[in-house]
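# Residue-level structural notes
Each chain is listed here by its residues.
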Amino acid sequence: MTVDNQQLSVRNLLGIKDITKQDIELIFETADTFKNVLDRPIKKVPSLREVTIANIFFENSTRTRLSFELAEKRLSADVINFAASSSSVSKGETLIDTVKNILAMRVDMVVMRHPHPGAAVFLSKHIGAQIVNAGDGAHEHPTQALLDAYSIRERYSDVSGKRVVIVGDIMHSRVALSNILCLQKLGAEVMVCGPTTLVPKYIQSLGVRVEHNLRNALNWCDVANMLRIQLERQDIKYFPSLREYTMLYGLNKQILDSLNKEITIMHPGPINRGVEITSDVADGHQSVILDQVENGVAIRMAVLYLLAGQQ
Ligand code: CP
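The structure reproduced in this document is the subject of the present report. (Residues numbered from 1 in each chain as written. Predicted model: local features only at pLDDT ≥ 70, side-chain atom pairs only at ≥ 80, totals over all residues. Heavy atoms only, no water.)

### Examining the sheet that holds strand E3 (residues 109-114)
The test is simple: Here, a strand pair is defined by DSSP locating no fewer than two bridges between the strands. Each helix is a run of DSSP H or I of at least 4 residues and each strand a run of E of at least 2, with the numbering of both proceeding from the N terminus. Each axis is a line fitted through C-alpha atoms, taken for helices only over the stretch in contact, and angles between the N-to-C directions span 0 to 180 degrees. Contacts are residue-level and defined by heavy atoms, with any inter-residue pair within 4.5 Å sufficient.
Ordered by their spatial adjacency, four strands build an open sheet running E2-E1-E3-E4, and the pairing between neighbours is parallel. What marks the edges here is a single partner per strand, and that holds for strand E2 (78-83) and strand E4 (130-136). Averaged over all pairs of adjacent strands, the angle between their axes in this sheet comes to 15°, without regard to strand direction. Sheet contacts for helix H11 (residues 289-308): strand E1 (52-57), E3 and E4; angle to E4, the most-contacted strand, approximately 150°.

### Here's the deal with the sheet that holds strand E7 (residues 209-211)
Read from one edge of the open sheet, five strands run E7-E6-E5-E8-E9, paired in parallel fashion. Each of the sheet's edge strands pairs with one partner strand only, and the pair in question is E7 and strand E9 (264-266). The sheet shows a mean angle of 25° between the axes of neighbouring strands, direction not considered. Pairing geometry for strand E5 (residues 163-167) and strand E8 (residues 223-226), over four bridges, is parallel.

### Focus on the pattern of salt bridges
Using the following cut-off: Think of a salt bridge as a Lys or Arg side-chain nitrogen and an Asp or Glu carboxyl oxygen that are within 4 Å of each other. The rule is simple: take the accessible area with a 1.4 Å probe, protein chains only, and divide by the maximum for that residue type; under 20% is buried, over 50% is exposed, in between is partly exposed.
The tally for this structure, following the rule as stated, stands at eleven salt bridges. A salt bridge links Arg-153 to Asp-32, with the nearest nitrogen and oxygen atoms 2.7 Å apart. Of the two residues, Arg-153 sits in helix H5 (residues 142-156) while Asp-32 sits in helix H1 (residues 21-38), which places them 121 residues apart along the sequence. Residue Glu-189 pairs with Arg-209 through a salt bridge whose shortest N-O separation is 3.3 Å. Of this pair, Glu-189 sits in strand E6 (residues 189-193) while Arg-209 sits in strand E7; the two residues are 20 residues apart in sequence, bridging distant segments of the chain. Relative accessible area serves as the criterion here: at 30%, Glu-189 is assigned to the partly exposed category. Within this structure, Arg-65, Glu-69 and Lys-73 form a network of salt bridges that share partners.

Laid out in structure tokens, this is it:
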């Protein structure tokens, strides 16, 4: 399967900042083809049957890990999975030693999630296998941004000109940074909205709008991407209480219905129902949250397929 024999401009997918608009469009066109494959009774192609991929997760994950594994299996790759919590990392082994041991088993590609920003870049300088960053601390989560932008494209035909607000814990979010970079490359306007303490000062230098009032943000946007409060990355208190956060920044049906338009609601997951979003909104007709998850498999198939073509 080829899309006019086009290639990505990168050998690894470390972050959205490294790829071009043309790369993103190529990934989307390739994902369109794989979405068709996933609609068939036999949801599998032989494209990566000579490729071995290791999914190395040093941090918890549900969606990303399962989505990558399914994408790899749909492409007929050989797959091994590694979770740091049940490994010799707990006995003091370093990242490089762990990965080198896995690569000694003749692995071609590594999909890695790690709690430290820059871990994927660091690894790419020390090993020959190709690397896909599945989230590195509060830095980047490129495949999440790609599947989010792809879901917007699916809803509106085009991302260019759309107004997207990212709401919540911008400070600790790799999804926010990757989404900002991806959406801007595709010509969308981006706003961030949250309490002053959770919106880093540098964010304006990225060319995004900043709004601290949720209603103003919702009135402005076509799409609202609601983020979880990442309590596990917060070493101090950034707001008085979760209840107060929910009162000011939680999305509920009342505020949604009071807008004089319909907007699209997104969330990368995991959702904290009743905190940043109520259940009736998360499960309502304006939500594309499960479409995002479905699109994640096709996007990750496209990324792995295109990167394997660079070997
Ligand atoms: N969206 C996302 O990265 O979810 P997981 O942490 O479950 O992978």
